[in-house]
Amino acid sequence: MRLKGNQDKSAYPRKFDVEWTSGMRFSKETSLNDGYANDFGAHLMQADLLPLFMGITSDRKRGENLKAQVEIQIHNIISDDVSKNANISDSESSQSFSLSSLNPKDDIRIVRDDGTDEILPDVHNAENVRVGKVIVPVLRKLSERPRMFAQGVYPGVEYRIMRITKKNEPDTDSEEEIDIFESEPGVNYDLKPIYPLVQQLEREWPVRINESDISRLVTPTQYNVISAVGSLFTAVTGLFTAFLVSQMISLYFIPSRSMEPTLNVGDVLVVEKVTPRLNNLVQSITSSSTSFYKPGDVILFQPPTKLKEIVESTGGQLNDRDLFVKRIAALPGDSIEVNIQDNTDSDEIAQVKINSIPVQEIQGNRNLCVQNFEKEKQEALPKLLGKFITPTQSTIPKNEYFVMGDCGPVSVDSRAFGFLDQKQIIGKPLFRIW
């Protein structure tokens, strides 16, 4: 039912010639009083609003007639004879279909043939798309978004179908339209959001759009499921991506002076963790002794047991995530000789030879950091670390390395804790970001 207001322009300069609409369904299994009153619109109007709506003013004379336009349309009348004749078998119907044939991935307008599962092009699902139903338009292509926005139909917004119309004479130029209750191909929808939108999206409601301009319609439940699945997929993908990135790259903060002047306290490094894994994988598959590392490479590694003992003996504490940074001085197969330095005037705590050649002649002076220390601290440095260094002469075993810090006087390295197993190497710095 549609009741159109009859406001007087002289009494109401801001004329609001609106329509009050309501729809109700009835079933032959119930009495007429048991209709589904909330199927469409509001079936009641507040009494104090009726005078305003009808244009009743205070100077109206008693007995004066009011004019109101009332339109009542009855759709889809099914008689008992039609109901009985509708109970035909599938073999007698060339295009039988049921609501159960609706594919959840389909547009809710689609109806499929029970026998062939083909889409029936000339019919819409009357139960899903009719006046009073709440629908949600969604996009199939992002390029459709501007066109739908221009018509006031926003993807993802819940709309109520306020009215469905179609041309009275489709094959003519006549623009006359008639109201229908259920959707059909090519009809027009009058849509209105069921909740307020942000100010930028508000406009005169309802808006009219041809059903063919909406590429896909879903129910609110379907849209919520799609949104939930999409959000879950995005979250899982994000977490998985973050996990992969964390396994490939991480940040490391330099906490000590053992690598000065190359790396200073407070420096932040971007560390790649692929090379150690790839090195271990290749060697395990090929049983090859080929190493991805070379002398001079800076590496980050987990502390071996003896290094942990040294740290704890000096009052320090380590957790499972703590890493150390040193430079590779010698590779597997190289001979190493470590001797305590007797010359107290030297900055070296111990003399290291690789293949009988002093390490300074191979990789340069490692004591540039001594310039950064005060004189009294320079004198105390040899005593600080000398007690942890043990003289040794041996060949580096397979898959192990001899590592040293760039600041020899303060670096607890392979001179103190021995060779480093390659399985404890975690990564290599790519660059410094701070």
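Basis of the calculations
Residues numbered from 1 in each chain as written. Predicted model: local features only at pLDDT ≥ 70, side-chain atom pairs only at ≥ 80, totals over all residues. Heavy atoms only, no water. Helix = DSSP H or I, 4+ residues; strand = E, 2+ residues; numbered from the N terminus. Contact = heavy atoms within 4.5 Å. Areas by Shrake-Rupley, 256 points an atom, 1.4 Å probe, with all protein chains shown as cover. Salt bridge = Lys/Arg side-chain N within 4 Å of Asp/Glu carboxyl O. Buried < 20%, exposed > 50% of the residue type's maximum accessible area, 1.4 Å probe, protein only. Core = buried A, V, L, I, M, F, W, Y, C linked by side-chain atoms within 4.5 Å. Pairing = 2+ DSSP bridges. Phe/Tyr/Trp six-rings, centres within 6.5 Å; stacked < 30°, edge-to-face > 60°. Lys NZ or Arg CZ within 6 Å of the ring centre and 35° of its normal. Axes fitted to C-alpha atoms, helices over the stretch in contact; angles between N-to-C directions. Expected span 1.5 Å × (residues − 1). Arc of directions from axis to C-beta. Polar contact = N/O pair within 3.5 Å; in protein donor to acceptor, adjacent residues only side chain to side chain.

Novice: Looking at this model, I keep getting lost on the overall build of the protein chain. Mind explaining?
Specialist: A tally of regular secondary structure across the protein chain gives nine helices and 21 strands. Taking the intrachain contacts of the protein chain between residues at least 6 apart in sequence as the baseline, contacts between residues at least 24 apart amount to 62%. Of the roughly 26600 Å² that the protein chain leaves accessible, carbon and sulfur atoms contribute 53%.

Novice: Mind showing me how you'd approach the pattern of salt bridges here?
Specialist: A side chain with one charge can pair with a side chain of the opposite charge if their charged atoms come near. Counted under the stated rule, the structure contains 12 salt bridges. For Asp107, the salt bridge identified is with Arg109, shortest N-O distance 2.7 Å. Residue Asp107 is classed as buried on the basis of its relative accessible area, which comes to 4%. Given a relative accessible area of 6%, Arg109 falls into the buried group.

Novice: Would you mind showing me how to read the nonpolar core here?
Specialist: The tendency in soluble globular proteins is for nonpolar side chains to be buried side by side. Ranked by size, the top nonpolar core spans 22 residues in total, and within it Ile135, Val153, Tyr159, Ile164, Tyr189, Leu191 and Ile214 carry the most contacts. Elements with a contribution of two residues or more to this core: β6 (159-167), β8 (188-193) and β9 (207-210). Per element, the largest residue contribution to this core is three residues, and it comes from β6. In this structure Tyr159 touches Lys133, Val134, Ile135, Pro137, Gly152, Val153, Tyr154, Leu191, Lys192, Pro193, Ile194 and Trp205, once residues within four positions along its chain are discounted.

Novice: For this particular structure, what's the right way to read the pairing of strand β14 (residues 324-330)?
Specialist: Consecutive side chains of a regular strand alternate in pointing toward one face of the sheet and then the other. β14 sits mainly inside the fold: seven of its seven residues count as buried. Taken together, the four bridges between strand β13 (residues 298-301) and β14 define a ladder with antiparallel strand orientation. The partner of Phe301 across the bridge, within β14, is Phe324. Of the pairings in the sheet, the one linking β14 to strand β19 (residues 400-404) comprises three bridges and is antiparallel in character. Within β19, the position partnered with Ala330 by the bridge is Phe402.

Novice: Help me understand the environment of Val412 in this model?
Specialist: Within the element layout of this structure, Val412 appears in the loop between β19 and α9 (414-417). Apart from residues lying up to four places away in sequence, Val412 is in contact with Leu307, Ile310, Lys326, Leu385 and Phe417.

Novice: Looking at this structure, I do not really get the packing of aromatic side chains. What am I missing?
Specialist: Within a pair of aromatic rings, the relevant descriptors are the distance that separates the centres and the angle that separates the planes. Tallied over the full model, the rule gives seven aromatic pairs. Ring centres of Tyr293 and Tyr401 lie 5.5 Å apart, and the angle between their planes is 85°; this geometry places the pair in the edge-to-face category. Taken together, the residues span a long stretch of sequence, with Tyr293 in the loop between α5 (274-286) and β13 and Tyr401 in strand β19 at a distance of 108 residues. Residue Tyr401 is classed as buried on the basis of its relative accessible area of 0%. The ring of Phe149 has Arg145 lying over it, and the distance from NZ or CZ to the ring centre is 4.3 Å.

Novice: Whenever I open this one, the sheet that holds β19 confuses me. Can you help?
Specialist: A sheet is described by the order of its strands in space; here seven strands give the open sequence β11-β12-β21-β13-β14-β19-β20, paired in antiparallel fashion. Of all the strands in the sheet, the pair left with one neighbour each is β11 (249-253) and β20 (420-421). Strand direction decides the pairing type here: β11 and strand β12 (residues 268-272), joined by five bridges, are antiparallel. Looking across to β12, one finds that Leu251 is bridged to Val270. In the packing of helix α4 (residues 220-248) onto the sheet, contacts are made with β11 and β12, and the angle to β11 comes to roughly 55°.

Novice: I tried to follow the sheet that holds strand β17 (residues 357-358) on my own but got confused; where do I start?
Specialist: In any sheet, the strands associate via hydrogen bonds between backbone groups, in a parallel or an antiparallel arrangement. Judged by pairing direction, the sheet is antiparallel, and its four strands sit side by side in the order β17-β16-β15-β18 without closing on themselves. Lying at the two open borders of the sheet, with one neighbouring strand each, are β17 and β18 (392-395). Where strand β16 (residues 350-354) lies against β17, two bridges are found, and the strand directions are antiparallel. Bridge assignment links Ile354 to a residue of β17, and that residue is Ile357.

Novice: Explain α5 to me, please; I cannot follow it from the model alone.
Specialist: Given 3.6 residues to a turn, an α-helix orients residues that are three or four positions apart in the same direction. The end-to-end C-alpha distance of α5 is 18 Å, a good match for the 18 Å that 13 residues give at a rise of 1.5 Å each. All of the buried residues along α5 are Thr275, Pro276, Asn279 and Gln283. Around the axis of α5, the buried residues are gathered within 100° of arc, so they sit on the same side. Structural note: α5 exposes Ser284 and Ile285 on the side pointing more than 90 degrees away from its buried face.

Novice: Mind showing me how you'd approach the pairing of strand β15 (residues 335-340) here?
Specialist: Relative to β18, β15 runs antiparallel, the two being bridged by four bridges. Across the sheet, Ser335 pairs through a bridge with Thr395, a residue of β18.

Novice: Help me understand unusual backbone geometry, please; the structure alone is not making it clear to me.
Specialist: Leaving glycine out, the prevailing phi sign among residues is negative, and the prevailing peptide bond configuration is trans. Cis geometry is found at the peptide bond from Trp205 to Pro206, where omega equals -5°. Structurally, the position occupied by Pro206 is in the loop between β8 and β9.

Novice: Whenever I open this one, the side chain of His124 confuses me. Can you help?
Specialist: Looking at the element boundaries, His124 is found in the loop between α2 (80-85) and β5 (134-138). By relative accessible area, which is 14% here, His124 ends up buried. Within the local environment of His124, its side chain forms a polar contact with the side chain of Ser183, the two groups lying 2.7 Å apart. Among residues more than four places away in sequence, those in contact with His124 are Arg109, Val111, Ser183, Glu184, Pro185, Tyr189 and Glu211.

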